[in-house]
Amino acid sequence: MSISGKSAIITGSNSGIGLGIAEELARLGANVVLNSYTDNPEDHALADRLADEHKVQAHYVQADMADGDACRMLVNRGHELMGRVDILVNNAGIQFVAPIDEFPADKWNRIIAINMNSAYHATAAVLPIMRSQGWGRVVNIASAHGLTASPYKSAYVAAKHGVVGMTKVVALETAQEPITCNAICPGYVLTPLVEAQIPDTMKQYDMDRETVIRDVLLERQPSKQFATVEQIGGTVAFLCSSAADQITGTTISVDGGWTAL
Ligand code: NAD
């Protein structure tokens, strides 16, 4: 099954990994819906650029993935715009770091809402559409933190483990249909989110940039290299190819060996 002509919705895709996935799917000929909670001219310009460069349909739909109704609206709007939804990539995510006894409840709730609950709402909305079409791929962007833990990341680790668990359930519920559901578990990827942490970490540890990257950020990534947004995009494309028709309910780590340790 070719990706060309398919239609994909990627949540949280005006930057970083989500944008990388949208770029790769558009490059392979898929129509794409980009999303974030903002509604800036630059957001729409990203969709226009993808449409121009790859000669596909590309739309930007503003929807706050912290709000369950908005997640469902995004799927339904994508369906209206493209006429079908073959691929859903649940990617939107945020991070906040604090010891659990100091973790602010509003930050906890927001991380669980955006990083986990949004995948539930969007998947629940998209499955009837995929069933009526007779084909579908749900790809959840979890994390190495969906399989392992780090201190101070309780909400993030809980949400990502939750996403991995939900992935298995959705796979079982769709096992006899031409629909699959899998999670990708990236290690560190050098996105704007991670790049923004480097200057403060350099100050905190009195280290140069290279040492911070090798000894702090990539401490648990044995390859000592970041994964790239292109690699995550390529992994999504693989999961949407016919080679992956019997891959469902599993996780694919793209983490330079992190979870082999
Ligand atoms: P990023 O900050 O560059 O991208 C996050 C995206 O989510 C952005 O497009 C942002 O606008 C969007 N977003 C945030 N809040 C939203 C909301 N309320 N509604 C809609 N969209 C919202 O970060 P990233 O590194 O590209 O992260 C993308 C995903 O990959 C996240 O789920 C993250 O947990 C996961 N991940 C990232 C890494 C990494 O090292 N960068 C590693 C493992 C997993």
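Residues numbered from 1 in each chain as written. Predicted model: local features only at pLDDT ≥ 70, side-chain atom pairs only at ≥ 80, totals over all residues. Heavy atoms only, no water.

### Details of unusual backbone geometry
Then, in step 1: Even without being glycine, Tyr152 reaches a positive phi, approximately 75°.
Then, in step 2: With respect to the helices and strands, Tyr152 occurs in the loop between β5 (136-141) and α5 (154-173).
Then, in step 3: Positive phi is not limited to glycine here, since Asp206 has a value of about 50°.
Then, in step 4: Looking at the secondary structure, you find Asp206 in the loop between α7 (198-205) and α8 (209-217). (Helix = DSSP H or I, 4+ residues; strand = E, 2+ residues; numbered from the N terminus.)

### With respect to the site of the ligand
Then, in step 1: Not every one of the 32 residues close to the ligand is listed here, only the nearest: Asn14, Ser15, Ser36, Asn91 and Tyr156.
Then, in step 2: Ser15 places a polar side-chain atom, nitrogen or oxygen, 2.7 Å from an oxygen atom of the ligand.
Then, in step 3: Taking Ile17, its main chain carries an N or O atom lying 2.8 Å from an oxygen atom of the ligand.
Then, in step 4: Protein burial of the ligand: of its 820 Å² of free accessible surface, 93% is covered by the chains.
Then, in step 5: Residue assignment for the shell around the ligand shows that the elements contributing at least two residues are α1 (16-27), β2 (31-36), α4 (105-133), α5 and α6 (192-195).
Then, in step 6: Tallying contributions element by element places α6 first for the shell around the ligand, with 3 residues.
Then, in step 7: Its residues assigned to classes, the shell around the ligand comprises 17 nonpolar, 12 polar and 3 charged.
Then, in step 8: Counting contributing residues per domain, the shell around the ligand is built from domain 1 (7-187 + 227-254) and domain 2 (190-226), each supplying no fewer than three. (Near = heavy atom within 4 Å. Polar contact = N/O pair within 3.5 Å; in protein donor to acceptor, adjacent residues only side chain to side chain. Areas by Shrake-Rupley, 256 points an atom, 1.4 Å probe, with all protein chains shown as cover. Nonpolar A, V, L, I, M, F, W, Y, C, P; charged D, E, K, R; others polar. Domains from an automatic or database assignment.)

### Concerning the packing of α7 against α8
Then, in step 1: Taken N-terminus to C-terminus, the directions of α7 and α8 make an angle of 90°; their axes are 10 Å apart at the nearest point. By the criterion of interaxial angle, the relationship of α7 to α8 is roughly perpendicular. Contact residues: Ile198, Thr201, Met202 and Tyr205 in α7; Arg209, Val212, Ile213, Val216 and Leu217 in α8.
Then, in step 2: Among the residues forming the contact of α7 with α8, the class breakdown is 7 nonpolar, 1 polar and 1 charged. (Axes fitted to C-alpha atoms, helices over the stretch in contact; angles between N-to-C directions. Parallel < 35°, antiparallel > 145°, perpendicular 65-115°, else oblique. Contact = heavy atoms within 4.5 Å.)

### Focus: the side chain of Thr201
Then, in step 1: Residue placement: Thr201 occurs in helix α7.
Then, in step 2: When residues no more than four places from it in sequence are discounted, the contact partners of Thr201 are Asp206, Val212 and Val216.

### Focus on the pattern of salt bridges
Side chains bearing opposite charge may pair, as long as their charged atoms lie close to each other.
Then, in step 1: In the structure shown here, the tally under the stated rule is 9 salt bridges.
Then, in step 2: Here Arg209 ties to Glu195 by a salt bridge, and the two come within 2.7 Å at their closest N and O atoms. Here Arg209, found in helix α8, pairs with Glu195, found in helix α6; they are 14 residues apart in sequence, far enough to count as distant.
Then, in step 3: Residue classification places Arg209 among the partly exposed positions, given a relative accessible area of 35%.
Then, in step 4: Here Glu195 falls in the partly exposed class, since its relative accessible area comes to 30%.
Then, in step 5: Ionic contacts of the salt-bridge type, sharing partners, join the residues Glu23, Arg49 and Glu53 into one network. (Salt bridge = Lys/Arg side-chain N within 4 Å of Asp/Glu carboxyl O. Buried < 20%, exposed > 50% of the residue type's maximum accessible area, 1.4 Å probe, protein only.)

### Some remarks on the domain arrangement of the chain
Then, in step 1: Looking at the assigned domains, one finds that the chain contains domain 1 (7-187 + 227-254) and domain 2 (190-226).
Then, in step 2: Each of domain 1 and domain 2 was reduced to a C-alpha centroid, and the two centroids are 26 Å apart.
Then, in step 3: Taken together, the contacts link 11 residues of domain 1 with 7 residues of domain 2.
Then, in step 4: Carbon and sulfur atoms supply 48% of the area buried between domain 1 and domain 2, which totals about 550 Å² over both sides.
Then, in step 5: In terms of surface lost to domain 2, no three residues of domain 1 exceed Gly16, Gly187 and Ala227, which account for 49% of the buried area on that side.
Then, in step 6: Inspection of the region where domain 1 meets domain 2 yields 0 salt bridges.
Then, in step 7: Summed over the shared surface of domain 1 and domain 2, the number is 2 residue pairs in polar contact (both at pLDDT 80 or more).
Then, in step 8: Broken down by class, the residue content of the side of domain 1 that touches domain 2 amounts to 4 nonpolar, 7 polar and no charged. (Buried area = accessible area lost by both parts, 1.4 Å probe.)

### Here we look at the packing of aromatic side chains
Then, in step 1: Inspection of the entire model under this criterion finds 3 aromatic pairs.
Then, in step 2: Summarising the aromatic geometry, the rings of Phe103 and Trp108 are spaced 6.2 Å apart at their centres and angled 85° between planes, so their arrangement reads as edge-to-face.
Then, in step 3: Ring geometry for Tyr188 and Trp258: centres 6.1 Å apart, planes at 25°, overall stacked. Here Tyr188, found in the loop between β6 (179-186) and α6, pairs with Trp258, found in the segment after β7 (251-254); they are 70 residues apart in sequence, far enough to count as distant.
Then, in step 4: Owing to a relative accessible area of 6%, Trp258 belongs among the buried residues under this scheme.
Then, in step 5: Counting every residue linked through ring pairs, the aromatic cluster contains Phe96, Phe103 and Trp108.
Then, in step 6: Note that Lys6 overlies the ring of Trp135, its terminal NZ or CZ placed 4.6 Å from the centroid. (Phe/Tyr/Trp six-rings, centres within 6.5 Å; stacked < 30°, edge-to-face > 60°. Lys NZ or Arg CZ within 6 Å of the ring centre and 35° of its normal.)

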